[in-house]
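Residues per chain are reported as follows:
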Amino acid sequence: LDHQTLGEKLGILDFTAAAKLSGSRFALWKGAGARLMRTLGAFLLDHHVRSGYLEVNPPYLVRPEVMEGTGQLPRFEEDMYKTVNTDGDNARTMYLISTSEISLTNKVREEILSADKLPMKLTAFTPCFRQEAGSYGKDVRGVIRNHQFDKVELVWITKPEDSLSSLEQLTRDAEAVLEALDLPHRVTLLCTGDMGFAARKTYDIEVWMPSEGRHREISSCSDCGDFQARRMAARFRREPQAAAEFVHTLNGSGVAVGRLAAAILENFQQADGSVAIPRALIPYFGTERIAVP
């Protein structure tokens, strides 16, 4: 069964209530489903913090120049949600983040870092908001392509000569959580035509979805070189009197929590209709399965 059918049979996913509240492409998790989402976030964060990442709880609303810094604006304006404060002469536009890459990477905007601060490794668990412009008719069932979703993000700030090797480690860090949860997956190197315009090298991590008989992207890990750094004016000095150089920035999902929950439901469904909880997650979740009500 696909994850939507499973979730509805188990009473942990309610798309009717979500549509009543917010329209299409929203999900409402409840009971064991809400607990699964909460515990997955904690599990992923703990895993990455143990691997040397600094946990950050960033703002979800950011200024337009912050969106420009990581390349969301102006290219992806139609995919962003924004708010407008019309308080007299103080009118301003703010954007809801579509990924915490935006907040984490811009943490070093307009700074000159000392070389001993690099590499900087950051992680965050946040909601993300995307209008999914241009995706009409795609993935209309379930939680694969929603307007609001939760994600754990990984960001590295490095010296130029270290960024490509850092991408290998970042990708391994994202893949390791799928290995820990015993989820079948694969890592693919993208060709130039499939990469985002800000990236110079990208790996996609794809998890197996039995109901579709194919792998689906659950993480995309990219080395952006100095593209974002130039937009953010983010630099470092090798020595106190040395000329400032642009840092390199990398990012990757570590991983998308809704898609991870969907993959667990589909890969761990049992003949009696229940879903087993991956062994590594049981201490967080508290029970060994989600039972049929």
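Residues numbered from 1 in each chain as written. Predicted model: local features only at pLDDT ≥ 70, side-chain atom pairs only at ≥ 80, totals over all residues. Heavy atoms only, no water.

A. The sheet that holds strand β12 (residues 245-246), seen in detail. Strand order in the open sheet formed by three strands is β5-β11-β12, and the pairing between neighbours is mixed. Strands at the two margins of the open sheet, each flanked by one partner only, are β5 (112-114) and β12. One ladder, built from two bridges, connects strand β11 (residues 235-237) with β12; its direction is antiparallel. Bridging from a neighbouring strand, Phe-236 pairs with Glu-245 of β12. (Pairing = 2+ DSSP bridges. Helix = DSSP H or I, 4+ residues; strand = E, 2+ residues; numbered from the N terminus.)

B. Broad picture of the pattern of salt bridges. Here the structure, examined in full by the defined rule, presents 18 salt bridges. A salt bridge links Asp-2 to Arg-141; its shortest N-O distance comes to 3.1 Å. Here Asp-2 is found in the segment before α1 (3-10), whereas its partner Arg-141 is found in the loop between β6 (120-129) and β7 (148-158), with 139 residues between them in sequence. Classification of Arg-141 by relative accessible area gives partly exposed; the value is 42%. Of the charged contacts in the structure, one is a salt bridge between Lys-151 and Glu-153, with a shortest N-O distance of 2.4 Å. Overall, the relative accessible area of 4% leaves Lys-151 in the buried class. Via salt bridges that share partners, Glu-161, Arg-238 and Glu-245 belong to a single interconnected network. (Salt bridge = Lys/Arg side-chain N within 4 Å of Asp/Glu carboxyl O. Buried < 20%, exposed > 50% of the residue type's maximum accessible area, 1.4 Å probe, protein only.)

C. Representation of the sheet that holds strand β3 (residues 82-85) in the model. The strand order across the open sheet built from three strands is β2-β4-β3, with neighbouring strands paired in antiparallel fashion. Looking along the sheet, the strands with just one partner apiece sit at the ends: β2 (61-62) and β3. Relative to strand β4 (residues 92-96), β2 runs antiparallel, the two sharing two bridges. Its bridge partner lying in β4, Val-62 is registered against Tyr-95.

D. Region of the structure containing the packing of aromatic side chains. Taken as a whole and judged by the stated rule, the model has four aromatic pairs. Note on Phe-43 and Tyr-284: the rings are 5.6 Å apart at their centroids and 90° apart in plane angle, and the pair reads as edge-to-face. In this pair, Phe-43 is assigned in helix α3 (residues 32-50) and Tyr-284 in helix α9 (residues 282-285), connecting sequence segments 241 residues apart. Here Tyr-284 falls in the partly exposed class, since its relative accessible area comes to 27%. Aromatic ring contacts, followed pair by pair, group Phe-76, Phe-197 and Phe-227 into a single cluster. A cation sits over an aromatic face here: Arg-35 above Phe-285, 4.0 Å from the ring centre. (Phe/Tyr/Trp six-rings, centres within 6.5 Å; stacked < 30°, edge-to-face > 60°. Lys NZ or Arg CZ within 6 Å of the ring centre and 35° of its normal.)

E. Quick look at the packing of α3 against helix α8 (residues 257-267). Between α3 and α8, the shortest axis-to-axis distance is 10 Å and the interhelical angle comes to 110°. By the angle class used here, α3 and α8 are roughly perpendicular. α8 is crossed by α3, and the crossing has right-handed handedness. Taking contact as the criterion, the partners of Leu-36, Met-37, Leu-40 and Leu-44 in α3 are, on α8, Val-257, Gly-258, Leu-260, Ala-261 and Ile-264. By residue class, the composition of the contact of α3 with α8 is eight nonpolar, one polar and no charged. (Axes fitted to C-alpha atoms, helices over the stretch in contact; angles between N-to-C directions. Parallel < 35°, antiparallel > 145°, perpendicular 65-115°, else oblique. Left-handed = near helix turned anticlockwise from the far one by under 90°. Contact = heavy atoms within 4.5 Å. Nonpolar A, V, L, I, M, F, W, Y, C, P; charged D, E, K, R; others polar.)

F. Focus on the pairing of β6. Within β6, nine of the 10 residues are buried, which leaves it mostly tucked inside the rest of the structure. Here two bridges tie strand β1 (residues 54-55) to β6, and the two strands are oriented parallel to one another. Bridging across to β6, Leu-54 finds its partner in Leu-122. Pairing of β6 with β7, which is carried by 10 bridges, proceeds in the antiparallel orientation. Looking at β7, one finds that Pro-127 is bridged to Asp-150.

G. Focus on the nonpolar core. With 49 residues, the main nonpolar core has Trp-29, Leu-40, Leu-44, Leu-183, Ile-218, Leu-260 and Leu-281 as its most contacted residues. Apart from residues no more than four positions distant in its own chain, Leu-183 is found in contact with Leu-178, Val-207, Leu-260, Ala-263, Ile-264, Asn-267 and Phe-268. Core analysis: the second largest hydrophobic core is formed by 16 residues, Ala-115, Leu-122, Ala-124 and Ile-157 among them. (Core = buried A, V, L, I, M, F, W, Y, C linked by side-chain atoms within 4.5 Å.)

H. Representation of the environment of Gln-131 within the structure. Relative to the helices and strands, Gln-131 is located in the loop between β6 and β7. Taking the C-alpha atoms as reference points, Gln-131 and Arg-145, separated by 14 residues in sequence, lie 9.8 Å from one another. With residues up to four places along the chain from it excluded, the contact list for Gln-131 reads Glu-78, Asp-79, Met-80, Tyr-81 and His-147.

I. Geometry of α1. Among all positions in α1, only His-3, Gln-4, Leu-6, Gly-7 and Leu-10 are buried. On an axial view of α1, the arc spanned by its buried residues comes to 165°, and they lie on one face. One side-chain oxygen at the N-terminal end of α1 lies 2.9 Å from the backbone nitrogen of Gln-4; it belongs to Asp-2. Where α1 terminates, the next one or two residues include Gly-11, which has phi positive at roughly 75°. (Arc of directions from axis to C-beta. Polar contact = N/O pair within 3.5 Å; in protein donor to acceptor, adjacent residues only side chain to side chain.)

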